[in-house]
Amino acid sequence: MIYKVFYQEEKNNHPQREKTQAIYVQVDATSELDGRIKVRDLVETNTDYHIEFIELLSDKHLAYEKETGAFSLTEF
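Residues numbered from 1 in each chain as written. Predicted model: local features only at pLDDT ≥ 70, side-chain atom pairs only at ≥ 80, totals over all residues. Heavy atoms only, no water.

Brief notes about the side chain of T47
The criterion, for reference: Runs of H or I in DSSP of at least four residues are treated as helices and runs of E of at least two as strands, each being numbered from the N terminus. Throughout this description, a polar contact denotes any pair of N or O atoms lying within 3.5 Å of each other; where both atoms belong to protein, one of them has to be capable of donating a hydrogen while the other can accept it, and for residues adjacent in sequence the pair is counted only when both atoms sit in side chains.
Mapped onto the elements, T47 comes out in the loop between α1 (32-46) and β3 (50-56). At 3.3 Å, the side chain of T47 forms a polar contact with the backbone nitrogen of Y49.

Re α1
Operational definition: Multiplying 1.5 Å by the residue count of a helix minus one yields the expected span of that helix. Each residue is placed in one exposure class: buried if its accessible area under a 1.4 Å probe, protein chains only, is under 20% of its type's maximum, exposed if it is over 50%, and partly exposed if it falls in between. Directions are taken from the helix axis to each C-beta atom, and the arc is the one they span.
In this model, α1 (15 residues) spans 21 Å end to end at C-alpha, consistent with the 21 Å of a helix rising 1.5 Å per residue. G35, V39 and V43 are the residues of α1 that are buried. All buried residues of α1 fall inside an arc of 60 degrees around its axis, so they share one side. More than 90 degrees from the buried face of α1, the exposed residues found are L33, I37 and T45.

The quantities given are spatial measurements derived from coordinates; they are silent on function.
Rendered as structure tokens:
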């Protein structure tokens, strides 16, 4: 399962929509919820990011992200 994680780089500042960034993380999970938990744990353990939202990508959404050129898996 591949998840798109929306985040802010700084935890101490108030979130601003203009500064929201995204990374893509792949995990093995038994359900969508299990995957979200694993992704949150990976990102929080390996970064200082303020996580805003975690979204499971459908096949169509993943294909779109790959077409736009913004897609690159982040590995921890």
